[in-house]
Amino acid sequence: MEKIIGLIDAPFTPFHANGDVSLEPIRAYAAMLAKNGLKGVFINGSSGEGYMLTVEERMQLAERWMEVAPEGFKVIVHVGSCCLRDSVRLAAHAQQIGAWGIGSMAPPFPHIGRIEELVEYCETIAAAAPELPFYYYHIPAFNGAYLPMLDLLKAVDGRIPNFAGIKYTFESLYEYNQCRLYKNNKYDMLHGQDETILPSLAQGGAKGGIGGTTNYNGRCLVSIIDYWNKGDLESARKAQNYAQEVINVICHFRGNIVGGKRIMKLLGFDLGPNRVPFRNMTDEEEQQMKRELEAIDFFSHCNIF
């Protein structure tokens, strides 16, 4: 299977003020991401509030991203759900509309506590879209599935033909690298933490990743890889450290899903509110976040439209 080189963005879902999905901004959204060096999108995941969307909304979003994606821009559809039948339906739909790939995290309810249960879950979804690469999205802080990913690779090997790899959003760079080394880099290990891209490169094999802060800080994050590839370690360090400064700010405002989405508004690209039960930022918080971003000269480094 083709392995992803470069960074894929996890986009926010645009909403109208009343909470309805807004499809209109997505054409400009896709163009902006491509302009800033992103290679595609992983839609309807955690950044996109995917578990708070109806199946029909998720399908509409997938269709719209496919309609407007620039040439060569990969659209990967997150199809995970607490209802496995919904996941199967979403996976089949993604294949039908020509998406590049699909992915799924473990459901937040019920918690999956054994590798075999996780394999069966992934196997059922992947079989619904056999022509597409399937990625498991490892984000145990979201769903409590603190399972060993090397064991998952061993279990799916030879069992799920279209299992492409893992979007790895966890703190263990050791485990990440062990998965990358499995059978001479057989599976695509997509780094999923924007704050530690450089260490994953330094281990000698990371090629691709999926990020959330790439929505507004993509230029900086892409530059980490570019500097590394040029052998400019000092510039790569500076870019990685700066990316952490941006992350430090959003952590003051309920993280990327809430604070990060509001940054898009500060950039002149209002994607609407978050859905309940997320606690949206107040106007006062927005102004405080703007001041903190100005203090690190963010608006000279951020994505350009």
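Residues numbered from 1 in each chain as written. Predicted model: local features only at pLDDT ≥ 70, side-chain atom pairs only at ≥ 80, totals over all residues. Heavy atoms only, no water.

(A) Geometry of the packing of helix α9 (residues 214–230) against helix α10 (residues 233–250). One can describe the packing of α9 onto α10 by two numbers: an axis separation of 8 Å at closest approach and a directional angle of 155°. Classified by the angle between their axes, α9 and α10 sit roughly antiparallel to one another. Crossing of α9 over α10 shows left-handed handedness. Contact residues: α9 offers Tyr216, Asn217, Cys220, Leu221, Ser223, Ile224, Tyr227 and Trp228, while α10 offers Leu233, Ser235, Ala236, Ala239, Gln240, Tyr242, Ala243, Val246 and Ile250. (Axes fitted to C-alpha atoms, helices over the stretch in contact; angles between N-to-C directions. Helix = DSSP H or I, 4+ residues; strand = E, 2+ residues; numbered from the N terminus. Parallel < 35°, antiparallel > 145°, perpendicular 65-115°, else oblique. Left-handed = near helix turned anticlockwise from the far one by under 90°. Contact = heavy atoms within 4.5 Å.)

(B) Structural context of the UniProt feature "active site" (unreviewed entry) in the protein. According to UniProt, the feature "active site" (unreviewed entry) maps to Tyr137 and Lys167 in the numbering used here. A stretch of 31 residues holds the annotated residues, and the largest C-alpha distance among them is 4.7 Å, short enough that they meet in one place. Taking the annotated residues in turn, Tyr137 and Lys167 line the largest pocket. Along the chain, Tyr137 turns up in strand β5 (residues 134–138). Using a relative accessible area of 3% as the deciding quantity, one classes Tyr137 as buried. If sequence neighbours within four positions are ignored, Tyr137 has contacts with Phe42, Ser46, His78, Ser104, Met105, Ala106, Lys167 and Thr169. Considering the arrangement of structural elements, one finds Lys167 in strand β6 (residues 163–168). Excluding residues that lie within four positions of it along the chain, Lys167 makes contacts with Phe42, Tyr136, Tyr137, His138, Leu190, Gly192 and Ile210. Among the polar contacts listed, one links the side chain of Lys167 to the side chain of Tyr137, at a separation of 3.1 Å. (UniProt positions renumbered as here; feature names shortened; annotations may be inferred. 1 Å grid on protein atoms, 1.4 Å probe; cavity = no way out; pocket = protein on both sides within 12 Å on 5 of 7 lines; lining within 4 Å. Buried < 20%, exposed > 50% of the residue type's maximum accessible area, 1.4 Å probe, protein only. Polar contact = N/O pair within 3.5 Å; in protein donor to acceptor, adjacent residues only side chain to side chain.)

(C) Layout of the layout of surface pockets. Of the volumes computed, that of the largest pocket is approximately 600 Å³. Ile139, Thr169, Gly192, Glu195 and Asn256 are the residues nearest the centre of the largest pocket, which is lined by 26 residues in total. Counting residues per element, the ones that place at least two in the lining of the largest pocket are α5 (140–143), β8 (208–211), α10 and α11 (255–266). Here the element with the most residues in the lining of the largest pocket is α11; it accounts for three residues. (Points joined across faces, edges and corners; volume = space filled by probe spheres on them.)

(D) Representation of helix α7 (residues 173–181). Of all the positions in α7, only Glu175, Tyr176, Asn177, Cys179 and Arg180 are classed as buried. Lining the buried residues of α7 we find β5, α6 (149–156), β6, β7 (188–191) and α8 (197–202). Positive backbone phi, at 50°, marks Lys183, one or two positions downstream of α7.

(E) Layout of the pattern of salt bridges. A full pass over the atoms with the stated rule returns 14 salt bridges. Here Arg64 makes a salt bridge to Glu67, at a shortest N to O gap of 3.2 Å. Taken together, the residues Arg64 and Glu67, both in helix α2 (residues 55–68) and three residues apart, mark about one turn of the helix. With relative accessibility at 55%, the residue Glu67 sits in the exposed group. In the salt-bridge network here, residues are joined through shared partners; they are Glu116, Glu123 and Arg159. (Salt bridge = Lys/Arg side-chain N within 4 Å of Asp/Glu carboxyl O.)

(F) Inspection of the side chain of Lys74 at higher detail. Tracing the backbone through its elements, the reader meets Lys74 in strand β3 (residues 74–78). Those residues in contact with Lys74 that sit more than four places away from it in its chain are Glu2, Ile4, Ile8, Lys39, Gly40, Val41 and Trp100.

(G) Examining the packing of aromatic side chains more closely. Enumeration over the complete set of coordinates arrives at 14 aromatic pairs. A ring pair is formed by Trp100 and Tyr135, whose centres lie 6.5 Å apart and whose planes are at 25°; its orientation type is stacked. Here the residue Trp100 occupies a position in the loop between α3 (84–96) and β4 (101–105), and Tyr135 occupies one in strand β5, the gap between them amounting to 35 residues. (Phe/Tyr/Trp six-rings, centres within 6.5 Å; stacked < 30°, edge-to-face > 60°.)

(H) Examining the nonpolar core more closely. If you look at the biggest cluster of nonpolar residues, it comprises 87 residues, and the most contacted ones within it are Trp65, Tyr136, Leu152, Phe163 and Phe298. When residues no more than four places from it in sequence are discounted, the contact partners of Tyr136 are Ser104, Met105, Ala106, Leu118, Cys122, Ala145, Met149, Leu152, Phe163, Gly165, Ile166 and Lys167. Ile8, Ala10, Met105 and Ile210 belong to the second-largest nonpolar core, a separate cluster that totals twelve residues. (Core = buried A, V, L, I, M, F, W, Y, C linked by side-chain atoms within 4.5 Å.)

(I) Inspection of the UniProt feature "binding site: pyruvate" (unreviewed entry) in the protein at higher detail. UniProt records the feature "binding site: pyruvate" (unreviewed entry) for Ile210 in the present numbering. Residues contacting Ile210, with those up to four places away along its chain left out, are Ile8, Ala10, Phe42, Lys167, Leu190, His191, Gly192 and Asp194.

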